[in-house]
Amino acid sequence: MTIKNGIYPVIHTPLLEDESIDFKGFDKCLGYYLDTDIHGLTILGSGGELPYFSDQEQLKIVQYTYNKVQNKKPLIIGVNAYSSAQAIEKITAYKGYSSYILLLLTPYYKSSFENYLKAIKNIAQHSTSPILFYYFPQITGHYFSNQQLIKLLCIKNIIGIKDSSLHLATARTVLNKLPDTRYFSGLTLVYEHIAAHGAAGAICPIATILPMQAAAFFEDLNLNNTKEINKRRTVLKSVLPIANNLNISVSVQNSLLNILIRSPKPLIKSVTSPHANIKEALSLLGLPIHATVRSPLAPINYESKEKIAKILASIKI
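A short tour of the structure in this document, coming up. Note that the structure is a prediction, hence the values are computed from the model and not measured. (Residues numbered from 1 in each chain as written. Predicted model: local features only at pLDDT ≥ 70, side-chain atom pairs only at ≥ 80, totals over all residues. Heavy atoms only, no water.)

## Examining the nonpolar core
For step 1, the next point in the chain: Among the nonpolar cores identified, the biggest contains 90 residues, and L41, I120, F133, L152, L187, V239 and I242 are the most heavily contacted of them.
For step 2, the next point in the chain: The element contributing the most residues to this core is helix α4 (residues 113–126), with seven residues.
For step 3, the next point in the chain: Counting residues in hydrophobic clusters, the runner-up holds 13 residues, among them V10, L104, A200 and I203. (Core = buried A, V, L, I, M, F, W, Y, C linked by side-chain atoms within 4.5 Å. Buried < 20%, exposed > 50% of the residue type's maximum accessible area, 1.4 Å probe, protein only. Helix = DSSP H or I, 4+ residues; strand = E, 2+ residues; numbered from the N terminus.)

Written as structure tokens, this is what we have:
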């Protein structure tokens with residue numbers, strides 16, 4: 001199924017209190033997104049706690065999702081691996097289930113760019129699905145130059161990128177050199193700044209919480225519907241603390257975001273886990289899931305629950 005330009009929520013993986021996968025809750029989550037105008041789904045992304053599940057668990061999640069989605073929307077499946085052999089094995093196991101693979105090759109030991117490039121070429125050559133290169137330097141430690149990213153995106157079967165560096169200069173340079181690449185930002189609020197440069201959309205945690213609003217924001221941007229854009233931007237900004245840091249106000253976070261994305265160099269060097277917060281938000285929005293996460297990810301606490309409830313109440317969702 002052909003990938004569409006648009007907004008792709010990162011589907012969280014609900015867990016029972018013993019940290020086993022809650023497939024009943026997962027079914028409800030998938031239905032929640034399938035009933036919206038969202039453009040497609042991403043499973044086993046970073047927001048789906050991908051590195052915390054065994055290969056067997058990941059395959060079960062992929063199979064369950066495919067049987068539920070049934071080609072109703074494009075499906076992006078995250079693959080995290082330490083070697084090209086491991087990545088190829090996982091991608092091969094997903095043959096027939098995925099529309100696209102979101103590939104995160106995570107180094108254990110440091111490697112040269114030449115060796116990393118060779119590994120990505122090998123994976124792409126053997127992949128049974130088109131690949132989106134997952135650029136997440138805060139996790140991998142690989143901060144590539146624009147020229148290096150362009151080399152990676154020129155590999156056959158690498159059809160695009162999810163860029164979680166949230167750096168406008170990088171996005172604009174790559175889109176200028178490779179206008180046909182499918183460039184997805186890691187945040188809907190950043191996509192707004194690169195839409196006119198030919199970006200494809202966003203694969204985004206905010207859209208996980210507010211899929212309908214994020215999808216409508218994308219459509220309004222493309223229609224240049226200024227009045228609605230401003231309204232929807234305000235709503236999406238309101239939930240940024242849930243996906244980022246509950247202890248920093250919305251206004252301060254958005255000011256910091258604007259500074260960071262416009263910096264001459266990428267400045268975001270680390271990320272924290274928002275998984276429990278987002279699951280709690282989804283629970284408050286009516287989905288029958290727990291905020292449980294895989295240890296050692298940080299569990300939800302009472303103070304965080306109160307803050308999340310207050311944010312959602314303020315936007316009257």
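We are not done yet, so read on.
## What to know about the environment of H275
For step 1, the next point in the chain: Relative to the elements of secondary structure, H275 occurs in helix α14 (residues 275–284).
For step 2, the next point in the chain: Note: C-alpha distance between H275 and P299 (24 residues apart in sequence) is 8.6 Å.
For step 3, the next point in the chain: Those residues in contact with H275, other than ones at most four positions away along the chain, are H12, S46, G47, E49, V293 and L297.
For step 4, the next point in the chain: In this structure the side chain of H275 is engaged in a polar contact, spanning 2.6 Å, whose partner is the side chain of S273. (Contact = heavy atoms within 4.5 Å. Polar contact = N/O pair within 3.5 Å; in protein donor to acceptor, adjacent residues only side chain to side chain.)

## Here we look at the sheet that holds strand β6 (residues 158–163)
For step 1, the next point in the chain: Pairing in this open sheet of eight strands is parallel, and the strands run β1-β8-β7-β6-β5-β4-β3-β2 from one edge to the other. With one partner strand each, in any of the chains shown, β1 (6–9) and β2 (41–43) form the two edges of the open sheet. The sheet shows a mean angle of 25 degrees between the axes of neighbouring strands, taken without regard to direction.
For step 2, the next point in the chain: Note that strand β5 (residues 131–135) and β6 share five bridges and pair parallel. (Pairing = 2+ DSSP bridges. Axes fitted to C-alpha atoms, helices over the stretch in contact; angles between N-to-C directions.)

## Details of unusual backbone geometry
For step 1, the next point in the chain: With an omega dihedral of 15 degrees, the bond running from S295 to P296 counts as a cis peptide bond.
For step 2, the next point in the chain: Considering the arrangement of structural elements, one finds P296 in the loop between α14 and α15 (302–314).
For step 3, the next point in the chain: You will see that Q70, though not glycine, has its phi angle at about 50 degrees, which is positive.
For step 4, the next point in the chain: You can see Q70 is positioned in the loop between α2 (55–69) and β3 (75–81).
For step 5, the next point in the chain: Look at Q70 and you get partly exposed, because its relative accessible area is 44%.
For step 6, the next point in the chain: Although it is not a glycine, L166 adopts a positive phi angle of roughly 55 degrees.
For step 7, the next point in the chain: Locating L166 in the fold gives a position in the loop between β6 and α7 (168–177).

## Things to note about the pattern of salt bridges
For step 1, the next point in the chain: Overall, the coordinates contain nine salt bridges when judged by the stated rule.
For step 2, the next point in the chain: One salt bridge connects K279 with E49, and the closest N-O pair in it is separated by 2.5 Å. You can see K279 sitting in helix α14 and its partner E49 sitting in the loop between β2 and α2, a full 230 residues away along the chain. Grouping residues by exposure puts K279 and E49 together as buried.
For step 3, the next point in the chain: The shortest N-O distance in the salt bridge between K231 and E228 comes to 3.8 Å. With K231 and E228 both in helix α11 (residues 226–238), this residue pair falls three residues apart, about one helical turn. (Salt bridge = Lys/Arg side-chain N within 4 Å of Asp/Glu carboxyl O.)

## Focus: the packing of α14 against α15
For step 1, the next point in the chain: At a minimum axis distance of 10 Å, the contact between α14 and α15 shows a crossing angle of 50 degrees. As the angle between them shows, α14 and α15 are arranged oblique. Relative to α15, α14 is oriented so that their crossing is right-handed. Facing N277, E280, A281 and L284 of α14, the residues of α15 in contact are S304, K305, I308, A309 and L312.
For step 2, the next point in the chain: Across the contact of α14 with α15, the residue classes break down as five nonpolar, two polar and two charged. (Parallel < 35°, antiparallel > 145°, perpendicular 65-115°, else oblique. Left-handed = near helix turned anticlockwise from the far one by under 90°. Nonpolar A, V, L, I, M, F, W, Y, C, P; charged D, E, K, R; others polar.)

## So, a nonpolar patch on the surface
For step 1, the next point in the chain: Judged by side-chain polarity, Y82, Y108 and Y109 come together as a nonpolar surface patch covering roughly 480 Å² of accessible area.
For step 2, the next point in the chain: One can find Y109 in the loop between β4 (100–105) and α4. (Patch = residues over 30% accessible without salt bridge, like charges linked within 9 Å, V, L, I, M, F, W, Y side chains within 5 Å. Areas by Shrake-Rupley, 256 points an atom, 1.4 Å probe, with all protein chains shown as cover.)

## What to know about the pairing of β6
For step 1, the next point in the chain: The element β6 is largely enclosed, with a buried count of five among its six residues.
For step 2, the next point in the chain: For the crossover that starts at β6, traverses α7 and ends in the parallel strand β7 (residues 182–185), the hand is right-handed. (Right-handed = clockwise from strand over helix to strand, strands pointing away.)

## Thoughts on the side chain of T188
For step 1, the next point in the chain: In this structure, T188 sits in helix α8 (residues 188–194).
For step 2, the next point in the chain: By relative accessible area, T188 is classed as buried at 0%.
For step 3, the next point in the chain: Filtering out sequence-adjacent residues up to four positions away, T188 remains in contact with I7, A202, C204, A207, A214, F217 and L236.

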